[in-house]
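In case you want the letters, here they are:
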Amino acid sequence: MGVGLARGQFVSDIFQEVDEEVRREQLKKLWDRYGIYAVAAAFVVVAAIAAWRGYEWWQVKKAAEAGAAFEAAITLSDGGKHPEAEAAFAKIVVEGTPGYRHLARVREAAELAHHDRKAAIAAYEKIAEDGAVGSVLQELAALRAAALQIDAASFDQARRLLEPLTGPDHTFRHTARELLALAAWRAGDTSAAKRWFDMITTDAQTPAATRSRVEMLMALSAIESKS
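(A) Quick peek at the nonpolar core. By size, the foremost hydrophobic cluster in this structure holds 36 residues, and its most contacted members are Tyr124, Leu143, Ile150, Leu162 and Phe197. Of all the secondary-structure elements, those providing two or more residues to this core are α3 (98-112), α4 (117-128), α5 (135-151), α6 (155-162), α7 (173-187), α8 (190-202) and α9 (208-226). The dominant element in this core, judged by the number of residues it contributes, is α5, at eight residues. Within the second largest apolar cluster, seven residues are counted, among which are Ala85, Phe89, Ile92 and Ala104.

Structure, rendered in structure tokens:
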């Protein structure tokens, strides 16, 4: 009985060794056939990871450089050095990362407004029409272009830019309505002014500061209509 078990174990060990040998042989054949591809694939994976990490580092570096340049341009503007600030923002538009390029376009237009209102309006309107900058900057650019149009007594042009921004789903709707009320009042269009006055004062979400300014404008309008 014991001898039989021993023989069985012996045979089992032999077959286990044979199986292992077969597996080794199969693995060797597989390696001989596909090993170079496995090495190449591993190299590609490692290279791709390294390239991605390098790209991420480069992106962070460029963003930091663009951020520093943007802050420097703002400092120039705050210091009254508008031509230098305009040039600095223009450089970021060309060389900066996408986010800073879009911001720099808006700031460059603001610097233009100090010496060339017409060019500034054109720059703002170009930004407002560019979907790549994002809806917030588009609306902001439209507001600023409209404000310059109001200063130039161009009510119709200001209205063209502002009216699309007055809907409840727009970020700057309260400012757009206030500017429209102001533009209509300055243009002597009492009907349009009243329309925007009413919209502003009946909207529960109108900011307190906006409501206060508009109520003051309404009071001035009432005084003028009586005189």
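(B) Molecular detail of the pattern of salt bridges. Enumeration over the complete set of coordinates arrives at nine salt bridges. As a salt-bridge pair, Arg105 and Asp130 come within 2.8 Å of each other at their nearest N and O atoms. Of this pair, Arg105 sits in helix α3 while Asp130 sits in the loop between α4 and α5, and the two are 25 residues apart along the sequence. For Lys194, the salt bridge identified is with Asp198, shortest N-O distance 2.8 Å. Note that Lys194 and Asp198 are positioned in helix α8 at a spacing of four residues, about one turn of the helix.

(C) Focus on the confidence of the model for the chain. Put simply, the chain has an average pLDDT of 80, and 71% of its residues get 70 or more. Confidence, expressed as mean pLDDT per element, reaches its minimum in the chain at helix α1 (residues 2-78) with 62 and its maximum at α4 with 95. Note on residues 1-8: pLDDT is under 50 here. Beyond four places in sequence and across chains, it has zero contacts.

(D) Region of interest: a nonpolar patch on the surface. A cluster of nonpolar side chains, contributed by Met216, Leu220 and Ile223, occupies part of the molecular surface with about 310 Å² of accessible area. With respect to the helices, strands and loops of the structure, Ile223 is situated in helix α9.

Definitions and limits used
Residues numbered from 1 in each chain as written. Predicted model: local features only at pLDDT ≥ 70, side-chain atom pairs only at ≥ 80, totals over all residues. Heavy atoms only, no water. Core = buried A, V, L, I, M, F, W, Y, C linked by side-chain atoms within 4.5 Å. Buried < 20%, exposed > 50% of the residue type's maximum accessible area, 1.4 Å probe, protein only. Helix = DSSP H or I, 4+ residues; strand = E, 2+ residues; numbered from the N terminus. Salt bridge = Lys/Arg side-chain N within 4 Å of Asp/Glu carboxyl O. pLDDT = per-residue confidence, 0-100. Contact = heavy atoms within 4.5 Å. Patch = residues over 30% accessible without salt bridge, like charges linked within 9 Å, V, L, I, M, F, W, Y side chains within 5 Å. Areas by Shrake-Rupley, 256 points an atom, 1.4 Å probe, with all protein chains shown as cover.

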